[in-house]
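Results of the structural survey
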Amino acid sequence: MNATSAEPSPATETAPPMPPPAHLRRLVLTGFMGAGKTTVGCLLAARLGWDFLDLDAYIESRTGLTVPSIFATHGEPRFRQLESQALASALGRSRIVLALGGGAPEVLTNRLLLEQTPGTATIFLDAPFPTLFDRCMMQALNPASGSAEHMLPNALPGQARPLLADPAAAETRFLARQPIYRRLARHTIDTASLTTEETVDALLARLNSPTPARRR
Ligand code: S3P
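Residues numbered from 1 in each chain as written. Predicted model: local features only at pLDDT ≥ 70, side-chain atom pairs only at ≥ 80, totals over all residues. Heavy atoms only, no water.

1. Focus on the overall build of the chain
- Broken down by element type, the chain carries nine helices and five strands.
- Scanning the chain from its N terminus toward the C terminus, one meets helices and strands in the order β-α-β-α-α-α-β-α-β-α-α-α-β-α.
- When burial is assessed residue by residue, the chain has 50% of its 216 residues classed as buried.
- Counting only contacts in the chain whose residues sit at least 6 apart along the sequence, the fraction spanning at least 24 positions is 76%.
- Approximately 9,500 Å² of the chain is accessible, and the part contributed by carbon and sulfur atoms is 57%. (Helix = DSSP H or I, 4+ residues; strand = E, 2+ residues; numbered from the N terminus. Buried < 20%, exposed > 50% of the residue type's maximum accessible area, 1.4 Å probe, protein only. Contact = heavy atoms within 4.5 Å. Areas by Shrake-Rupley, 256 points an atom, 1.4 Å probe, with all protein chains shown as cover.)

Here's what the structure looks like:
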């Protein structure tokens, strides 16, 4: 399976032991850069036999431009417009795991789309900022170590993810986004000490948990 293919790719693995509740047709992963949205989403989709779509890769396929080049040439506001359009299109699909870009929930239109599309559950993959930053650094040094295949080979974090070019500003964004991620998400998974497989297991268990989802 191609982790970041722009079009949904059929998952290759066998049916999951624990499918999500029947009314759910879309699982959306959110969280800051480095949260593992793409890696976890890819494995989750394979376990469910669903399609996987990475929103950044989808934007790239729709525009023919890389995310860094959209930022560099057209600026962040234009990127956010393209991101909202791609999200609206992606949410038209069913049986899909969708990995958002870290900034998508900051935009009110995107939050409304996510909250008002029936059968959609958003899950927040959480971790402390230093953990996330280190993961991004490692991915930038060795893109094959993560599944962010849209990143530039041998790119520095700021080149592959423009908003990490200034670490202090990135941490400020991280802090500002935390309550937004938490409010939007039906479930929050602390991934700091979990492997990808453990995160998927925790996520499926949480979706099937009889306890009411926590809304913050
Ligand atoms: C961004 C996160 C990136 C990408 C863009 C902006 C952000 O996606 O959408 O560089 O605002 O946090 P990832 O979270 O997949 O790295």
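2. Some thoughts on the nonpolar core
- Grouped together as the largest cluster of nonpolar side chains are 55 residues, with contacts concentrated most on Leu27, Val97, Leu98 and Leu203.
- Those residues in contact with Leu98 that sit more than four places away from it in its chain are Leu27, Val28, Leu29, Leu53, Leu55, Leu87, Ala90 and Leu91. (Core = buried A, V, L, I, M, F, W, Y, C linked by side-chain atoms within 4.5 Å.)

3. Some words on the packing of helix H2 (residues 55–63) against helix H4 (residues 76–90)
- Running from amino to carboxyl end, H2 crosses H4 at an angle of 105 degrees, the nearest separation of the two axes being 9 Å. Here H4 runs roughly perpendicular to H2, going by the angle between their axes. Residues Leu55, Asp56, Tyr58, Ile59, Arg62 and Thr63 of H2 touch H4, and the partners they reach there are Phe79, Leu82, Glu83, Gln85, Ala86, Leu87, Ser89 and Ala90.
- Classifying every residue of the contact of H2 with H4 by side-chain character gives eight nonpolar, three polar and three charged. (Axes fitted to C-alpha atoms, helices over the stretch in contact; angles between N-to-C directions. Parallel < 35°, antiparallel > 145°, perpendicular 65-115°, else oblique. Nonpolar A, V, L, I, M, F, W, Y, C, P; charged D, E, K, R; others polar.)

4. Digging into the pattern of salt bridges
- Tallied over the full model, the rule gives six salt bridges.
- Two residues, Glu76 and Arg80, come together in a salt bridge whose shortest N-O distance is 2.9 Å. Placement of the pair is Glu76 and Arg80 together in helix H4, with a separation of four residues, close to one helical turn.
- A salt bridge links Arg173 to Glu76; the nearest nitrogen and oxygen atoms lie 2.9 Å apart. Of the two residues, Arg173 is situated in helix H8 (residues 167–184) and Glu76 in helix H4; the sequence distance between them amounts to 97 residues. (Salt bridge = Lys/Arg side-chain N within 4 Å of Asp/Glu carboxyl O.)

5. Side note on the site of the ligand
- Neighbouring the ligand are 14 residues, the closest being Lys37, Asp56, Arg80, Arg161 and Arg177.
- A distance of 2.6 Å is found between an oxygen atom of the ligand and a side-chain nitrogen or oxygen belonging to Arg80.
- Relative to its free-state accessible area of 390 Å², the ligand is covered by the protein chains to the extent of 98%.
- Sorting the residues of the shell around the ligand by element identifies helix H3 (67–74) and H4 as the ones contributing at least two each.
- In the shell around the ligand, the residues fall into six nonpolar, three polar and five charged. (Near = heavy atom within 4 Å. Polar contact = N/O pair within 3.5 Å; in protein donor to acceptor, adjacent residues only side chain to side chain.)

6. Considering the sheet that holds strand S1 (residues 26–30)
- With respect to topology, five strands assemble into an open sheet ordered S2-S3-S1-S4-S5, the strand pairing being parallel. At either margin of the open sheet sits one strand with a lone partner, and together these are strand S2 (51–54) and strand S5 (187–190). Adjacent strand axes in the sheet meet at a mean angle of 20 degrees when their direction is disregarded.
- Note that S1 and strand S4 (residues 120–126) share five bridges and pair parallel. Note on S4: the bridge partner recorded for Leu29 is Ile123.
- Each of S1, S2, strand S3 (96–99) and S4 is contacted by helix H1 (residues 37–48), which is oriented at about 165 degrees to S2, the strand it contacts most. (Pairing = 2+ DSSP bridges.)

7. Section: H2
- Every buried residue of H2 is accounted for by Leu55, Asp56, Ala57, Tyr58, Ile59 and Glu60.
- Buried-residue contacts for H2 involve S2, H3, H4 and S3.
- By the N-cap criterion, in which a side-chain oxygen at the helix start approaches the backbone nitrogen of a residue two or three places on, H2 is capped by Asp54, the distance to Asp56 being 3.1 Å.
- With its phi angle positive at about 75 degrees, Gly64 sits one or two positions after the end of H2.

8. Re the packing of H4 against helix H5 (residues 108–116)
- Closest axis-to-axis distance for the H4/H5 pair is 10 Å, and the angle between their directions is 10 degrees. With respect to their mutual orientation, H4 and H5 come out roughly parallel. Taking contact as the criterion, the partners of Glu83, Ser84, Leu87 and Ala88 in H4 are, on H5, Asn110, Leu113 and Leu114.
- Taken together, the residues of the contact of H4 with H5 sort by class into four nonpolar, two polar and one charged.

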